[in-house]
Amino acid sequence: MPICVQGDLPAKEILEKENIFTMDENRAMHQDIRPISIGVLNLMPLKEDTELQLLRSLSNTPLQVDITFLTVTSHESKNTSMSHLNEFYLTFEDVKEKRFDGLIITGAPVELLEFEEVDYWEEVCTIMEWSKTHVTSTLYLCWGAQAGLYYHYGIKKHILDKKIFGIFSHHVKNRKVPLVRGFDDVFFAPHSRNTAVFMEDIEKVKDLTILAQSDEVGVFLAIADEGRKIFVMGHPEYDRLTLDKEYKRDKAKGLDIALPKNYYPGDDWELRPELLWRSHGNALYSNWLNYYVYQQTPYEFIDTARIVGK
């Protein structure tokens, strides 16, 4: 089934070239099925790249997924044009009376700041509080995961001596939980962060269950509230070249950045990186959509009158 987006979203053309079935709003209105509605609070600086990555990741199920991109009003984006934001994004004020089956809160390049120092922190807190009553399941990514753990459970993040940057192996801790269904015992995922939430702090909270971790970089995946809150410490949605672009960008700026670990063949940054994490990334997003969004959405969330009226 397709991903439903605005017909002129730039990512739509790229997805279609990759044989990913996309549908614009007009065609979706004539479908006699119930789509699942997913909001994406996109806090990443290169928003169009993140749009494409997440749409790819959400496209691998038989469900029709209706995407709404959200932005904050308390911060001015420096890397995405206002025309793009005005055309393809809504604000919290636009959607606060609506209900979503799922919500994704992305990472953000503000991890070295204290949460309260981030100019849009209060707005993000408002959205996280709203999600308790208006969203079936919220998926928190990277900085978003750290922010969610801090807001909901008071768990602090810690600045690391060395940036976690590259592809790292992880192992599954609790195979009976549907979110990790289909995962191998060991799987890979990208990380790019200067901060971490310590495993012992998560383990102290009885409502949180760690589902996957890495001996090298710590917790990767945790779940709470029977799947209403899911925390992902890395970036399973990243493309093959996302870390490559980040490394070469910082290298060109003369910044002190190490090679991403386990990424370039033979650690030769001129060679094409190997894609080692796509299958598990797809499994994670598919399991989330199926078991924690589609299967769990209360019937009263559905606009029954509109469906029956057809």
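Residues numbered from 1 in each chain as written. Predicted model: local features only at pLDDT ≥ 70, side-chain atom pairs only at ≥ 80, totals over all residues. Heavy atoms only, no water.

## Brief notes about the overall build of the protein chain
Helices and strands together make up the secondary structure of the protein chain, namely 11 helices and 12 strands. Pairs at least 24 apart in sequence give 73% of the contacts found in the protein chain among residues at least 6 apart. Just so you have it, the protein chain exposes about 15000 Å², and 48% of that area is on carbon and sulfur atoms. (Helix = DSSP H or I, 4+ residues; strand = E, 2+ residues; numbered from the N terminus. Contact = heavy atoms within 4.5 Å. Areas by Shrake-Rupley, 256 points an atom, 1.4 Å probe, with all protein chains shown as cover.)

## Focus: helix α7 (residues 143-153)
An α-helical turn contains 3.6 residues, so any two residues separated by three or four positions project in the same direction. Counted residue by residue, α7 has eight buried out of 11 residues, so it is predominantly covered. Looking one or two residues beyond α7, the residue adopting positive phi is G154, at roughly 70°. (Buried < 20%, exposed > 50% of the residue type's maximum accessible area, 1.4 Å probe, protein only.)

## Describing helix α9 (residues 242-252)
Listing the buried residues of α9 in full gives T242, L243, D244, E246, Y247 and D250. Looking at the buried residues of α9, the elements they touch are α3 (47-57), β8 (158-172) and β9 (186-196). After α9 finishes, the residue G254 shows a positive phi value of roughly 80°.

## A look at the packing of helix α6 (residues 121-134) against α7
Taken N-terminus to C-terminus, the directions of α6 and α7 make an angle of 70°; their axes are 11 Å apart at the nearest point. The angle between α6 and α7 falls in the class roughly perpendicular. Contact with α6, carried on its side by W121, C125, M128, E129 and K132, involves W143, A147, G148, Y150, Y151 and H152 of α7 and no other residues of that element. The residue inventory of the contact of α6 with α7, partitioned by class, reads seven nonpolar, two polar and two charged. (Axes fitted to C-alpha atoms, helices over the stretch in contact; angles between N-to-C directions. Parallel < 35°, antiparallel > 145°, perpendicular 65-115°, else oblique. Nonpolar A, V, L, I, M, F, W, Y, C, P; charged D, E, K, R; others polar.)

## Observations regarding the environment of R272
In this structure, R272 sits in the loop between α9 and α10 (278-294). With 28 residues separating them in the primary sequence, R272 and D244 have C-alpha atoms 8.8 Å apart. Once you skip the residues sitting within four places of it in the chain, R272 turns out to touch R240 and P265.

## Here we look at the packing of aromatic side chains
Applying the stated criterion to the full structure yields 16 aromatic pairs. An angle of 70° between the planes, with centres 6.1 Å apart, marks the rings of F100 and W130 as edge-to-face. With F100 in strand β6 (residues 100-105) and W130 in helix α6, this pair connects stretches of sequence that are 30 residues apart. Connected via pairs of aromatic rings, a cluster forms that spans F115, Y120, W121, W143 and Y150. Above the face of the F115 ring, K157 is positioned so that its terminal group lies 5.0 Å from the ring centre. Sitting over the face of the ring of F165, K163 holds its NZ or CZ atom 4.7 Å from the ring centroid. (Phe/Tyr/Trp six-rings, centres within 6.5 Å; stacked < 30°, edge-to-face > 60°. Lys NZ or Arg CZ within 6 Å of the ring centre and 35° of its normal.)

## Regarding the pattern of salt bridges
Across all of its chains, the model carries 11 salt bridges by this definition. Between K132 and E129 there is a salt bridge, with the nearest N and O atoms lying 3.1 Å from each other. Linking K132 with E129, this pair stays in helix α6, spanning three residues, or about one helical turn. Residue E129 is classed as partly exposed on the basis of its relative accessible area, which comes to 36%. Ionic pairing is found between R175 and D185, a salt bridge with its closest N-O pair at 2.7 Å. One end of the pair, R175, is in the loop between β8 and β9; the other, D185, is in the loop between β8 and β9, with 10 residues separating them in the sequence. A relative accessible area of 41% means that R175 is categorised as partly exposed. The exposure class of D185 is exposed, given its relative accessible area of 57%. (Salt bridge = Lys/Arg side-chain N within 4 Å of Asp/Glu carboxyl O.)

## Brief notes about the environment of S192
Of note, S192 is situated in strand β9. According to the relative accessible area criterion, S192 is buried, its value standing at 11%. Once the C-alpha coordinates of S192 and K163 are considered, the two residues, 29 residues apart in sequence, prove to be 7.2 Å apart. Discounting residues that sit within four places of it in the chain, S192 has contacts with E111, C142, K163, I164, F165, L243 and E246. Side chain to side chain, S192 and E246 meet in a polar contact 2.8 Å long. (Polar contact = N/O pair within 3.5 Å; in protein donor to acceptor, adjacent residues only side chain to side chain.)

## Description of the side chain of T68
Within the element layout of this structure, T68 appears in strand β4 (residues 65-70). For T68, a relative accessible area of 18% translates into the label buried. Excluding anything up to four places from it in sequence, T68 contacts I38, G39, V40, L90 and F100.

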